[in-house]
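# A look at the structure
Chain residues, written in single-letter form:
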Amino acid sequence: MKEVVNTKTVLQVPKWKFARLHTNFSVSNFFIYGAGIIVIFIITCALFPKWLAPYSPTFMDTASTLSAPNSAHWFGTDYFGRDVLSLVIYGSRDSLIIGIASVLIGGLIGGIIGSAAGYFGGIIDVVFMRFIEILMTIPAVLLALAIAAALGPGLFNIVLAVAAASIPGYARVMRGQMISIKKRQYVDASRSIGTHEWKIFLWHLLPNSWSPLLVMATIGLGSSILIGAGLSFLGLGVIKEIPDWGALLSQGRGYLTVGWWICTFPGLAITLLVLSVNIMGDKLRDTFDPKISKKR
Amino acid sequence: MKQVNQIKLLAILLVFVLLVSGCASSTSTKNSSSQESNKEGASHPKSGGDLTFALATSPDSLDPARSGLAVAVRAFRTIFDSLVVQAPDNTIKPWLATEWKISNDGKSYTFTLRKDVKFHDGTPFNAAAVKYSFDRINDPKTQAKNAVALLKPYQSSEVIDDYTIKINLATPSASFLSNLSQAMLGIVSPTAAEKYGDQFSKNPVGTGPYKFVSWSENADIVVEKNKDYHWGPANVENKEAPYLDKITFKIIPEEATRIGSVQSGQVLAAETVPPQNIASLKNDSKTQLLKVNTIGLPYTLFFNQRKAPWNDVKVRQAVQLAVDVDSIVKTLYLGTYERSWSPITPGILGYDKSLEGETKANIKKANQILDELGYKKGSDGIRVKDGKPFTLKYVDGTPNREKRNDIAVIVQQQLKKIGIKVEINITKDVATVIYKNADYDLYGNSQVNSDPNALRAIYHTRTPEEEAVFKGLTGGSDPELDQWLEQGTIELDPAKREETYKKVQQKIIKDAWIIPIYVFPYTVAASKTVNGITFDSLGYPLFNDVNIEQ
């Protein structure tokens, strides 16, 4: 078997390497289809919670608090008497919003900084990249935590905090791509026939450099959801009528010894979503990886 | 390469198996045996042994004058004694003072002091030390916290002879002796207080049954036996030196860890057991659960009457009718906390039992009142008046102490039923939001206290000068209430005081100034080898009688 050498080690997700190394591709396809179904299902939950949830997420059945999973409440009830299944279904919305919005914002800002630094070079490159390096010295979770603490509780503030923490990664990848592509022959050719610099930038450079960013964003989605859940777990979110998954975990934590189901199901939901998104990101990366696609 | 991956896979599986087996074994031990043991009076208490007692939060200061936290009192009550002690029946008994006389106008108290008492640093205890302690609290330079309010209306002390002291008050005060019994008015060593100055809070010296040894911030506080001690108060059996050699107060903020440490034997006792663990601890053969209701002002939600529409008694009454306190207390505390009915807790002089059962949730009536006031329900179910939606700003502090944030979540749902939208604001900075800006409609708080005079600080009309220092919790004003509260402070006949405070309680509830929620039970989970943890009248633990079976 040929050793697969991957140049983009940043994007490596070592956990799942064994799945792909088996020559039998149906196994990895099985994972990808499973992941796809899970992601689509969770998106459906977030869009149409009313169709799927058996109860209103705010309905407190005070007569049956802390009841274990049963036929009436598949995931049991929490200490308010709320149905955990309905809470998990409704909670998917905010968790997804945090993940997607922060990736979009972080990717956009990181992409702009990176492409400007890579394209213009010189002093702009130096200033932007030192700034990014300063950000990189602080671990992403810590950075998000500090920003969320400073901004105060709120869904939008969590999004901003998670986005800010993901900027450095996007910026660096985008800069590298820009530098490698701007020296290609077709760019020189285009310039020699007198194409305007902006047109070269928009028509030739951008479309050819953002595919790694797309892969990164897909994988980043998973970690953004995770960091977002972590922040609301730590109580840096707001107390909303409908808590997101991180907040649900945090609320159930004190009851772990008497009601394992309050924590377990939101925890499983986070795990499944992040795992599925990562598997899809992995697949996407393989598709864009010239070495692997050549082999197929 | 393939082999490496198989090893990885194996490792992952192994971790999984360990996790699952870990969960399984913990559930099997939980239900192992269930027996209620109440063995008390193992007749010969053994001397010796160290007690580790886990506290839920870190004390702010071990200087009684400069502390503002109940958790600090739990630690420094072992170091400091008071002039008098309050018995469980609210009568005042001698401690460092053997007897006292009150002048006819009620404005001066003459105490005769014990002659055989010494501070831990060897300084003799005498009238000068008492005068020093009280003058120190009164001196603005000391920046005393709760102690200042407790000492009011103190004016001056006169040393008559070495063991006689006369204390002069500005006005008569019915709660003065009771306040003197509190640890925050404990007597400090003048030599040590002078020597350490600001650092006295880290080097406390008193006359108590235990001597201070060390304090590592956010980790632990260690005190050791005071061998010379023989002046124990009336509320403990052992008046001599304590049986224990040492007490280590460990600070363990995480609830589950704190209780788990008792069950695993890492500490011998831990305070504030969460309600969901109380039930499971009862089935634990190795652990006992001690519980005492604290007294003072119960956890109460205060309306901010500075803001419309909360200055309207009818609106407040509607909300009072809509909040189903029974259901809140039952749901969150699983029958371990008692519901409160009055602005003061049972056990305080003048507590009005007739208020119990008086306030009942009635959504229909609440809706009716709001309809009559012209609040119309909109299409989203939220009431609107003059084009503005009816919202209520509910403020609470963090962390979620005693599940207070969860109360907010339930109230939000309950008030939705009468068309009020509740906005919950959980803030770290209660000092600014509440006491500086008064930016709330509903805010909850409680206070440990021994006398109904505590009501005055909360419900008496506040002067603009007082409001400039910090905002009161109610923002309300009622001349009749003011008059009763003033009467209660100076009235020395307990029967008449009781009558006055009953009127005060009824008025506060009838005019819906507040929604009282629960009485906080102070709970301690302790290993069954620990005997003799008792509590004083305020619910603070006492360690004089504690001994450990080997």
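Right above here is the structure, for reference.
Residues numbered from 1 in each chain as written. Chains lettered and ligands numbered in written order. Predicted model: local features only at pLDDT ≥ 70, side-chain atom pairs only at ≥ 80, totals over all residues. Heavy atoms only, no water.

## A few points about the overall build of chain A
Keep this limit in mind: Helix and strand definitions follow DSSP, with helices as H or I runs of at least four residues and strands as E runs of at least two, each counted in order from the N terminus. When accessible area is computed with a 1.4 Å probe and restricted to protein chains, residues below 20% of their type maximum are described as buried, those above 50% as exposed, and intermediate ones as partly exposed. Whether two residues are in contact is decided by their heavy atoms, any of which lying within 4.5 Å being enough.
A tally of regular secondary structure across chain A gives 13 helices and 0 strands. Tracing chain A from N to C terminus, the helices and strands come up as α-α-α-α-α-α-α-α-α-α-α-α-α. Going through the 296 residues of chain A one by one, you find that 48% of them count as buried. Residue pairs at least 24 apart in sequence account for 70% of intrachain contacts in chain A once pairs closer than 6 positions are excluded.

## Details of the environment of Ser178 of chain B
Residue and element names in this part refer to chain B. Put simply, the test is: Polar contact is the term for a pair of N or O atoms within 3.5 Å; when the atoms are in protein, one must be able to donate a hydrogen and the other to accept it, and sequence-neighboring residues count only if both atoms are side-chain atoms.
Mapping Ser178 onto the fold places it in helix 5 (residues 176–180). By relative accessible area, Ser178 is classed as buried at 6%. Note: C-alpha distance between Ser178 and Ala193 (15 residues apart in sequence) is 25 Å. The contacts of Ser178, once residues within four sequence positions are left out, are Gln86, Ile92, Ser450 and Asp451. Within polar-contact distance, the side chain of Ser178 engages the side chain of Ser450 at 2.6 Å.

## Here's the deal with the pattern of salt bridges
Two side chains of opposite charge can pair, provided their charged atoms sit close to one another. All names here are of chain B. Going by this rule: The rule for a salt bridge is simple: a side-chain nitrogen of Lys or Arg has to be within 4 Å of a carboxyl oxygen of Asp or Glu.
Scanning all chains against the criterion turns up 30 salt bridges over all chains. With its nearest N and O atoms 2.6 Å apart, the salt bridge here joins Glu217 to Lys202. Of this pair, Glu217 sits in the loop between strand 8 (210–216) and strand 9 (220–225) while Lys202 sits in the loop between helix 6 (190–196) and strand 8, placing them 15 residues apart in sequence. Among the residues examined, Glu217 registers a relative accessible area of 44% and is labelled partly exposed. Here Arg383 makes a salt bridge to Asp371, at a shortest N to O gap of 2.8 Å. Remark: Asp371 occurs in helix 11 (residues 363–372) and Arg383 occurs in strand 16 (residues 383–385); sequence separation between them is 12 residues. Under the relative-accessibility criterion, Arg383 is labelled buried at 1%. Taken together, the salt bridges that share partners define one network made up of Asp63, Arg66, Arg136 and Asp198.

## Focus: the packing of aromatic side chains
The geometry of an aromatic ring pair is captured by two quantities: the separation of the ring centres and the angle between the planes. All names here are of chain B. Test applied: Stacked, edge-to-face and tilted labels apply to pairs of Phe, Tyr and Trp rings (six-membered ring for Trp) whose centres lie within 6.5 Å, assigned for plane angles under 30 degrees, over 60, and everything in between, in that order. The rule for a charge over a ring is simple: NZ of Lys or CZ of Arg within 6 Å of the ring centre, and within 35 degrees of the ring normal.
This structure, assessed with the given rule, holds 34 aromatic pairs over all chains. Measuring from ring centre to ring centre gives 5.2 Å for Tyr109 and Phe176, while their planes differ by 55°; the resulting arrangement is tilted. Here Tyr109 is found in strand 5 (residues 108–113), whereas its partner Phe176 is found in helix 5, with 67 residues between them in sequence. Exposure class is identical for Tyr109 and Phe176. Each is buried. Through a chain of ring-to-ring contacts, the aromatic side chains of Tyr299, Tyr333, Tyr337, Tyr518 and Phe520 assemble into a single cluster. Over the face of the ring belonging to Trp341 we find Arg339, whose NZ or CZ atom lies 3.7 Å from the ring centre. Against the face of Tyr375 rests Lys385, its NZ or CZ located 4.9 Å from the ring centre.

## Notes on a nonpolar patch on the surface
Residues and elements named next belong to chain A. Stated formally: Patch membership is restricted to residues that have no salt bridge and whose relative accessible area is over 30%. Joining uses 9 Å for like charges and 5 Å for the nonpolar side chains Val, Leu, Ile, Met, Phe, Trp and Tyr. Accessibility throughout is a Shrake-Rupley quantity obtained with a 1.4 Å probe, and a residue counts as covered only by protein chains that appear here.
Taken together, Phe41, Ile43, Leu47, Phe48, Trp51 and Leu52 make up a surface patch of nonpolar side chains, about 650 Å² in accessible area. Residue assignment for the nonpolar patch shows that the elements contributing at least two residues are helix 2 (25–47) and helix 3 (49–52). Ranked by the residues each element gives to the nonpolar patch, the list is headed by helix 2, at 3 residues.

## Considerations on the nonpolar core
Our working definition: Here, the term nonpolar core denotes a set of buried Ala, Val, Leu, Ile, Met, Phe, Trp, Tyr and Cys residues that are joined through side-chain atoms within 4.5 Å.
Counting 184 residues, the largest nonpolar core has Leu83, Phe111 and Phe134 of chain B as its most contacted members. Top element by residues in this core is helix 12 (residues 260–288) of chain A. It accounts for 8 residues. By size, the runner-up hydrophobic cluster in this structure holds 12 residues, among which are Ile98, Leu135, Ala144 and Ala165 of chain A.

## So, the sheet that holds strand 5 of chain B
Residue and element names in this part refer to chain B. The condition is simple: For two strands to pair, DSSP has to find at least two bridges joining them. Angles here are taken between N-to-C directions and fall from 0 to 180 degrees, while the axes themselves are lines fitted to C-alpha atoms, restricted in helices to the stretch in contact.
Read across the sheet, 4 strands follow the order 4-5-7-6 without closing on themselves; strand pairing throughout is antiparallel. Looking along the sheet, the strands with just one partner apiece sit at the ends: strand 4 (97–102) and strand 6 (154–161). Averaged over neighbouring strand pairs, the angle between their axes works out to 20° when direction is ignored. Here 5 bridges tie strand 4 to strand 5, and the two strands are oriented antiparallel to one another. For Glu99, the partnering residue across the bridge sits in strand 5 and is Thr112. Strands in contact with helix 3 (residues 127–138) are strand 5, strand 6 and strand 7 (164–169); relative to strand 6, the strand with the most contacts, it is inclined by about 165°.

## Here's the deal with helix 7 (residues 255–263) of chain B
Residue and element names in this part refer to chain B. Short version of the rule: Throughout, the arc means the angular range of directions from the helix axis out to the C-beta atoms.
Among all positions in helix 7, only Arg258, Ile259, Ser261 and Val262 are buried. Considered in projection along helix 7, the buried side chains sweep an arc of 150° and stay on one side of the axis. Elements that come into contact with the buried residues of helix 7 comprise strand 1 (50–55), strand 11 (269–271), helix 8 (275–282), strand 12 (287–293) and strand 22 (521–527). Backbone geometry just downstream of helix 7 places Gly265 in the positive-phi region, at approximately 85°.

## Side note on helix 8 of chain B
Three or four residues apart is the spacing at which side chains of an α-helix point the same way, because the helix has 3.6 residues per turn. Residue and element names in this part refer to chain B. When you tally the buried positions in helix 8, you get 6 out of 8 residues, the bulk of the element. Every buried residue of helix 8 is accounted for by Pro275, Gln276, Asn277, Ile278, Ser280 and Leu281. Looking at the buried side of helix 8, the elements it contacts are helix 7, strand 12, helix 10 (325–333) and strand 22.

## Regarding the pairing of strand 9 of chain B
Moving residue by residue along a regular strand, the side chains alternate between the two faces of the sheet. All names here are of chain B. By the criterion of burial, strand 9 is predominantly enclosed, with 5 of the 6 residues buried. Where strand 8 and strand 9 come together, 6 bridges link them in antiparallel fashion. Note that in strand 9 the partner of Tyr210 across the bridge is Lys225. In this structure, the hairpin formed by strand 8 and strand 9 is closed by a connection of 3 residues, where Asn218 is found at a positive phi of approximately 60°. Of the strand pairs in this sheet, strand 9 and strand 10 (residues 246–251) are connected by 5 bridges, and their pairing is antiparallel.

## Quick look at the sheet that holds strand 17 (residues 388–389) of chain B
Residues and elements named next belong to chain B. Read from one edge to the other, the open sheet built from 3 strands follows the order 15-16-17, with strand pairing classed as antiparallel. Each having just a single partner strand, strand 15 (376–377) and strand 17 make up the two edges of the open sheet. As paired strands, strand 15 and strand 16 are joined by 2 bridges and run antiparallel to one another. In the strand pairing of strand 16, Lys377 is matched with Arg383.

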